[in-house]
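Residue-level listing of the chains:
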Amino acid sequence: MTDRRLPPNPFATRSTRPGAVPWQPLPDAPDELLERLAQGGGRGAICGPHGSGKSTLLQHLLAAAAERGWKTRLVAIRSQADLGRAVAAIVLAAGRGCWLGIDSWEKLGRFGGPLAWLARWRGGQIVVTTHQPTGYWPVLVNIRPDEETFRRLVAQLLRQADGSHSRAAVFEPPQLDAIFRRHRGNIREAFFELYDRFEQVTRPSAGET
C-alpha cells in the first residue's frame, strides 16, 4: 500500500520566496554592504536580471539593518499605481533610524527619475532593486548568478527539507547546469522546473498501490 506521507517539496514557493532562500556569498557580506551604503550617502541599487535574487538580497539587507537597530520598511512596486506609497515611504525614510527597501523600482517607469531626485534631496537610508543600473541610484551591488551559485542553492534547499525523502531526488551537476542555462540564469524559473521534477521523482504514480 502506498505511503500517504508525501515528502515536502524543497522548491515550493514557501521555501524559495525572497527572504526564505539562504544567503549566498557575495564579494561583500550584508554588514559590509550596509557599511558601503552608509559611506556612499545612504542610497544604493541592487541590480541584476529578472529572477537573479535581487529581492532575496534586499530581504537579507533589511534583516541585517534591523539587527543594527534600524526601523526597516519594504515597499514592493507592482505598477505605477504604487507611486503614492513610494513617495510616502521616501518622505518617512528621511527620519532618524529609518531604513527603506523598494523592490522593482523600474516599474515606476517615467516617475522613477523625479522620485529618485526626491530621495536624494530628502536623504535617508534607501536601497532599491532594478534590472539595469541607472544614473539615478549608485550601484550597491550588481548580481550575476552562475551555475555554481545555482547548484549551491539547490543543495541547501534539499538539506533544509526532510533529509530521508529529499535524498530520493538527486540532481546531478550537469543536469542542474543545463536547467540553469535553459532559463538563462533566471533562478526563480529554474526553481519552478525543479519543483516539477521533484514531484515526478518523489511522488508515486497514479496507478501505484
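Here the structure is a predicted model, which means the values were calculated and not measured.

Description of the nonpolar core
- Judged by nonpolar contacts, the single largest core of 19 residues is most densely connected at I90, L100, I102, W105, I126 and W137.
- Put simply, the parts of the chain that give this core at least two residues each are β1 (43-47), α4 (83-93), β3 (98-103), α5 (112-122) and β4 (125-130).
- Residue contacts for I126: discarding those within four places in its chain leaves L37, G42, R43, G44, I90, A93, L100, I102, A119 and W137.
- Counting 16 residues, the second-largest nonpolar core is a separate cluster that includes F171, I187, A190 and F198.

Structural notes on the packing of aromatic side chains
- Inspection of the entire model under this criterion finds 7 aromatic pairs.
- Consider the rings of F11 and F171, whose centres lie 6.0 Å apart with planes at 80°: the pair is edge-to-face. Taken together, the residues span a long stretch of sequence, with F11 in the segment before α1 (13-16) and F171 in the loop between α7 (163-166) and α8 (173-182) at a distance of 160 residues.
- In this structure F11 comes out as buried when scored by relative accessible area, which is 2%.
- Seen from their ring centres, F150 and F191 are 6.0 Å apart, and the 35° between their planes marks the pair as tilted. In this pair, F150 sits in helix α6 (residues 147-160) while F191 sits in helix α9 (residues 187-202), placing the two residues 41 residues apart along the sequence.

Quick look at the sheet that holds strand β5 (residues 139-142)
- Here we have 5 strands laid out as an open sheet, ordered β2-β3-β4-β1-β5, and parallel in their pairing. Lying at the two open borders of the sheet, with one neighbouring strand each, are β2 (71-76) and β5. When strand polarity is set aside, the average angle formed by the axes of neighbouring strands in this sheet is 15°.
- Across the sheet, α4 lies against β2, β3 and β4, angled at about 155° from β3, the strand it touches most.

Topic: the pattern of salt bridges
- Following the criterion strictly, the structure yields 8 salt bridges and no others.
- Notably, a salt bridge pairs D31 with R68, separated by 3.8 Å at the nearest N-O pair. Of this pair, D31 sits in helix α2 (residues 30-39) while R68 sits in the loop between α3 (54-67) and β2, and the two are 37 residues apart along the sequence.
- When its relative accessible area of 41% is taken as the criterion, D31 is described as partly exposed.

What about the environment of P49?
- Structurally, the position occupied by P49 is in the loop between β1 and α3.
- The partly exposed category is assigned to P49, whose relative accessible area is 36%.
- Along the sequence, P49 and I143 sit 94 residues apart, while their C-alpha atoms lie 7.8 Å from each other.
- Beyond its immediate chain neighbours, meaning those up to four positions away, P49 contacts K54, H131, I143 and R144.

Focus on the packing of α6 against α9
- Relative orientation of the contacting elements α6 and α9 amounts to 45°, with a least axis distance of 12 Å. Accordingly, the angle class assigned to the pair α6 and α9 is oblique. For the pair α6 and α9, the sense of crossing is right-handed. Facing α6, whose interface residues are F150, L153, V154, L157 and L158, α9 presents I187, A190, F191, L194 and F198.
- Broken down by class, the residue content of the contact of α6 with α9 amounts to 10 nonpolar, no polar and no charged.

Some details on α3
- For α3, built from 14 residues, the straight-helix expectation of 20 Å at 1.5 Å per residue is met to within 8% by its first-to-last C-alpha distance of 20 Å.
- Most of α3 sits inside the fold, with 10 of its 14 residues counted as buried.
- Inspection of α3 places K54, S55, T56, L57, L58, H60, L61, L62, A64 and A65 among the buried residues, and these make up the whole buried set.
- For α3, the elements touching its buried residues are α2, β1, β2, β3, β4 and β5.
- G69, located one to two residues past α3, shows a positive phi value of around 100°.

Analysis parameters
Residues numbered from 1 in each chain as written. Predicted model: local features only at pLDDT ≥ 70, side-chain atom pairs only at ≥ 80, totals over all residues. Heavy atoms only, no water. Core = buried A, V, L, I, M, F, W, Y, C linked by side-chain atoms within 4.5 Å. Buried < 20%, exposed > 50% of the residue type's maximum accessible area, 1.4 Å probe, protein only. Helix = DSSP H or I, 4+ residues; strand = E, 2+ residues; numbered from the N terminus. Contact = heavy atoms within 4.5 Å. Phe/Tyr/Trp six-rings, centres within 6.5 Å; stacked < 30°, edge-to-face > 60°. Pairing = 2+ DSSP bridges. Axes fitted to C-alpha atoms, helices over the stretch in contact; angles between N-to-C directions. Salt bridge = Lys/Arg side-chain N within 4 Å of Asp/Glu carboxyl O. Parallel < 35°, antiparallel > 145°, perpendicular 65-115°, else oblique. Left-handed = near helix turned anticlockwise from the far one by under 90°. Nonpolar A, V, L, I, M, F, W, Y, C, P; charged D, E, K, R; others polar. Expected span 1.5 Å × (residues − 1).

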